[in-house]
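Fold and contact review
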Amino acid sequence: MGFENIPGEIRAKKIISGALKTGRIANSYIFCGQNVDQIAEFTKEFAKLLNCETACGKCLNCTKITSGTHPDFIVVMPEGKKSIIKIDRIRDLKNRIKIGPAEGTYLVVSIMNADSIEIEAANSLLKMLEEPPQGVVFVLITSRMDSLPKTVVSRCQGVIFANQNDIEDIDAELPSGSDVWSLLKFSSSLSESSSKEAERDKLEKKLRILSAEFFRARKLRESRIVLNAIRDIKKMANTRLLMDRMSLCLGGWIDG
Ligand SMILES: [Zn+2]
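What you see is a predicted model; the values in this text were computed from it and never measured.

1. Observations regarding the overall build of the protein chain
Each helix and strand counted, the protein chain has ten helices and five strands in total. The C-alpha atoms of the protein chain give a radius of gyration of 20 Å, which matches the 18 Å a tight globule of 256 residues would have. Along the longest, intermediate and shortest principal axes, the C-alpha atoms of the protein chain span 55 × 40 × 30 Å. Evaluated residue by residue, the protein chain yields a buried proportion of 36% over its 256 residues. For the protein chain, the proportion of contacts with a sequence separation of at least 24, taken over those separated by at least 6, is 73%.

Below you can see the structure in the form of C-alpha cells.
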C-alpha cells in the first residue's frame, strides 16, 4: 500500500518518502497540481503513512482514514453556492486541532482547493500555520498556487505534481512561452542527475532560444528570469530544481 500505487507523481513521491524516512515532516505543505482529486488520494495515503508505518490498509488507523471516519484525518472542502472556504469553517478547525491527534500519531488537515479560501479565513489559517499544535500537519491542495496569499505560501513547503513520467529526455522539445505546467512537465522529464556537461549544454541552448523569444516579444521580465536560470546552470547540481524554480517564476507563482 502507500502511494506507490497512485500513477505518476514520481517527484512528489520522492520528496514525501524522503521526509517520512528521515522523520523531517513539515508542519504545512502545499500540494500543487492540475489533478486535485488524484492529489487528494495521495494526501490520504500520506496520512496513512504518518499513522501506520506501511500504510497497511488493514489496521484501525488505515481503515478509518480510508472510510473517512478517522478523527485525525480532517478534510476541509469549499462550501456553499460560491464554493468558498469560510471563516467559520476555519474557526471550527482551530478549536478541533488545539488538542492535537486524538487516536493516531499525526493529525492531518487536508484543505481541498485551498485557493478558494476567503481572505479573512486565510488570515486565521495563517496563525495556525505559524504556530501549529504538536503533531498537526496541514496539506493545502490547489491547482493555482498563484491565487493563494503569498503569506500562506511562504509558510508551507511546496510540492509540485506535474503528472510526469520518469523518463530521461533532454532532447524533448522545450515548450515555448510561460505555460507553467508544460515547463514543469519538461523539467520533470530531465534526469535528476543531469550533471553531464553535454546535457547541460543542450539545456542551455534551449534556454537561450526561449530567452530570445521572450525578448523579441518584449517580455523583458520573462527574458530576465530565463537568463538567470542560464547563469545558474553552471552552479546548480540539480537541473530539475533549477528548471522548476524558473517555471514557477515565469508563472508568477514565486518571486524571481
Ligand atoms: Zn495500517
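Now that the structure has been shown, we can carry on.
2. Concerning the sheet that holds strand E2 (residues 73–76)
Strand order in the open sheet formed by five strands is E2-E3-E4-E1-E5, and the pairing between neighbours is parallel. The sheet is open, and its two borders are formed by E2 and strand E5 (157–161), each paired with just one other strand. Sheet twist, expressed as the mean angle between neighbouring strand axes with direction ignored, is 20 degrees. The pairing of strand E1 (residues 28–33) with E5 spans five bridges and is parallel. Note on E5: the bridge partner recorded for Tyr29 is Gln157.

3. Details of the confidence of the model for the protein chain
Any residue range with low pLDDT should be treated as having predicted coordinates unsuitable for detailed reading. The predicted model of the protein chain has a mean per-residue pLDDT of 87, with 91% of residues at 70 or higher. Within the protein chain, strand E3 (residues 107–111) carries the highest mean pLDDT (98), whereas helix H7 (residues 180–189) carries the lowest (80).

4. So, helix H4 (residues 87–97)
Along H4, the residues that are buried comprise Arg89, Ile90 and Leu93. Projected down its long axis, H4 shows its buried positions confined to an angular sector of 95 degrees, all on one face. For H4, exposure combined with an orientation more than 90 degrees from the buried face picks out Asp88, Arg91, Asp92 and Asn95. Elements that come into contact with the buried residues of H4 comprise E2, E3 and helix H5 (119–130).

5. A word on the domain arrangement of the protein chain
The domain architecture assigned to the protein chain consists of domain 1 (3–161) and domain 2 (180–250). Taking only C-alpha atoms into account, the centre of domain 1 sits 30 Å from that of domain 2.

6. So, helix H3 (residues 60–67)
One turn of the α-helix equals 3.6 residues, which is why residues spaced by three or four share an orientation. Turning to H3, its buried residues are Asn61, Cys62 and Ile65. When H3 is viewed along its axis, its buried side chains cluster within an angular range of 95 degrees and face the same direction. Set apart from the buried face of H3 by more than 90 degrees, the exposed residues are Leu60 and Ser67. On the buried face of H3, the contacting elements are helix H2 (36–51) and E2. Of the residues one or two after H3, Gly68 is the one with positive phi, at around 75 degrees.

Parameters and conventions
Residues numbered from 1 in each chain as written. Predicted model: local features only at pLDDT ≥ 70, side-chain atom pairs only at ≥ 80, totals over all residues. Helix = DSSP H or I, 4+ residues; strand = E, 2+ residues; numbered from the N terminus. Rg over C-alpha atoms; globule rule 2.2 N^0.38 Å. Buried ≥ 20, exposed ≤ 12 C-beta atoms within 10 Å, placed from the backbone. Contact = placed C-beta atoms within 7 Å. Pairing = 2+ DSSP bridges. Axes fitted to C-alpha atoms, helices over the stretch in contact; angles between N-to-C directions. pLDDT = per-residue confidence, 0-100. Arc of directions from axis to C-beta. Domains from an automatic or database assignment.

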